[in-house]
Amino acid sequence: MKIINFIGNYDKFELMLYVAKVVKLTQNASVLIIDSYETQKSRCIVPAILNDDQYITTFEEMDIAVGFKDQKDIVEYLQDHNDDFNNYDYVFIDMNSKEACVNFNSENPNVSFAVTSYDKFDILKTVGLLGEYIEKNKSFVGKMHKIYFYSLLETSDEKYIDYSFNNLELEWHNKKIYIPLDEGDRSVLIQNQYAEKIRIRELSKTFRNSIVDIATYILGDATKSFILKTMKNIERGV
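What counts and what doesn't
Residues numbered from 1 in each chain as written. Predicted model: local features only at pLDDT ≥ 70, side-chain atom pairs only at ≥ 80, totals over all residues. Heavy atoms only, no water. Helix = DSSP H or I, 4+ residues; strand = E, 2+ residues; numbered from the N terminus. Buried < 20%, exposed > 50% of the residue type's maximum accessible area, 1.4 Å probe, protein only. Polar contact = N/O pair within 3.5 Å; in protein donor to acceptor, adjacent residues only side chain to side chain. Contact = heavy atoms within 4.5 Å. Axes fitted to C-alpha atoms, helices over the stretch in contact; angles between N-to-C directions. Parallel < 35°, antiparallel > 145°, perpendicular 65-115°, else oblique. Left-handed = near helix turned anticlockwise from the far one by under 90°. Nonpolar A, V, L, I, M, F, W, Y, C, P; charged D, E, K, R; others polar. Salt bridge = Lys/Arg side-chain N within 4 Å of Asp/Glu carboxyl O.

Chemist: In this structure, what is going on with the side chain of S117? I would like to understand it.
Modeler: Structurally, S117 can be placed in strand 6 (residues 111–117). The class of S117 is buried, set by a relative accessible area of 6%. A polar atom in the side chain of S117 sits 2.6 Å from the side chain of D122. S117 has contacts with Y10, D122, I123, F149 and I161, leaving out every residue within four places of it along the chain.

Chemist: What's the story with the packing of helix 1 (residues 13–27) against helix 9 (residues 224–236) in this structure? I'm lost.
Modeler: Packed helix pairs are specified by the crossing angle of their axes together with the interaxial distance, meaning the distance between the axes. Interaxial distance between helix 1 and helix 9 falls to 9 Å at its minimum, and their mutual angle equals 110 degrees. With respect to helix 9, the axis of helix 1 lies roughly perpendicular. For the crossing formed where helix 1 meets helix 9, the hand is right-handed. Together, K21, V22, L25 and T26 of helix 1 and F226, I227, T230, M231 and I234 of helix 9 make up the contact between the two elements. Considered class by class, the residues forming the contact of helix 1 with helix 9 number six nonpolar, two polar and one charged.

Chemist: Looking at this structure, how should I read the packing of helix 8 (residues 205–219) against helix 9?
Modeler: It is at 10 Å that the axes of helix 8 and helix 9 come closest, and there the two elements cross at 135 degrees. On the basis of their axis angle, the class for helix 8 and helix 9 is oblique. As for how helix 8 packs across helix 9, the hand of that crossing is right-handed. Between helix 8, through R208, I211, V212, D213, A215, T216 and L219, and helix 9, the contact on the second element is made entirely by K224, I227, L228, M231 and E235. In terms of residue class, the contact of helix 8 with helix 9 is built from seven nonpolar, one polar and four charged.

Chemist: What am I meant to see in the side chain of K12 here?
Modeler: Mapped onto the elements of the fold, K12 is located in the loop between strand 1 (2–7) and helix 1. Using a relative accessible area of 2% as the deciding quantity, one classes K12 as buried. Polar contacts involving the side chain of K12 include one to the side chain of D94, which spans 2.8 Å. If we ignore the near neighbours within four places in the chain, the residues touching K12 are F6, I7, D94, M95, N96 and V115.

Chemist: Sorry, what's going on with the environment of I64 here?
Modeler: With respect to the element layout, I64 can be found in strand 4 (residues 62–66). Classification of I64 as buried rests on a relative accessible area of 0%. Between the C-alpha atoms of I64 and T116, which are 52 residues apart in sequence, the distance is 23 Å. Setting aside anything within four residues of it in sequence, one finds I64 in contact with F13, L17, L32, I33, S42, V46, Y55, I56, T57 and F59.

Chemist: Looking at this structure, I do not really get unusual backbone geometry. What am I missing?
Modeler: Leave glycine aside and you will find that most residues have negative phi; peptide bonds, for their part, are mostly trans. Even without a glycine there, the phi angle at E61 is positive, about 65 degrees. Mapping E61 onto the fold places it in the loop between strand 3 (55–59) and strand 4. The class for E61 is exposed, based on a relative accessible area of 55%. The residue E196 is not glycine, and still its phi comes out positive at about 55 degrees. Along the chain, E196 falls in the loop between helix 7 (183–195) and helix 8.

Chemist: Could you clarify how one ought to interpret the pattern of salt bridges in this entry?
Modeler: Close approach of charged atoms allows side chains with opposite charge to pair. Counted according to the given criterion, the structure contains 12 salt bridges. Its salt-bridge partner being K72, residue D73 comes within 3.9 Å of it at the nearest N-O pair. In the salt-bridge network here, residues are joined through shared partners; they are K146, E158, D162 and K176.

Remember, this is a structural readout, not a statement about activity or role.
Take a look at the structure:
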């Protein structure tokens, strides 16, 4: 099993869905995505016939865990349904609260991403979460990746984000990942919500390239050609 953590205040659930879909199809892997207990956005965009407070449903051949406050509850839920948490090849965890940083399996993750927009509130909240994450993972020595959601009209100085992040006791990957927040991509994401589909073809080239970059960091540079092939197949609806 590989643990993939997405840490930050900014809404990143759909990004996780898209990246996880690419990872799943590239590796023919079993994937679990743990939605944030605080927001539970998946209740609005992932179809499910369950009205329970806590449940695991399947969407686009991936399992989505909704409403769980900690990992122990997920493990017990799966056991009650004759399944095993350790059977998943990849577990994606949305960490947008201090509780999530403590209550889910953040220890020794295979890949971690710090996610923020240029909004100062998002930045400061994310710095706080990363501080909690460090406290939970004192022995964590791997590099963390930065993901910046940006508007084409953004005028804020990126140096403020870098300064805020770099004051933390973390080792950072040199390359940052930029994801656009233009109206075209927003429109595609909303259309996909109503269609209850993960459709990548109409996203901007920049957005698609960012998905490839994130998936490559998760799977390794040697897999990039396979990831690109997967993206093409998704775009063609194969």
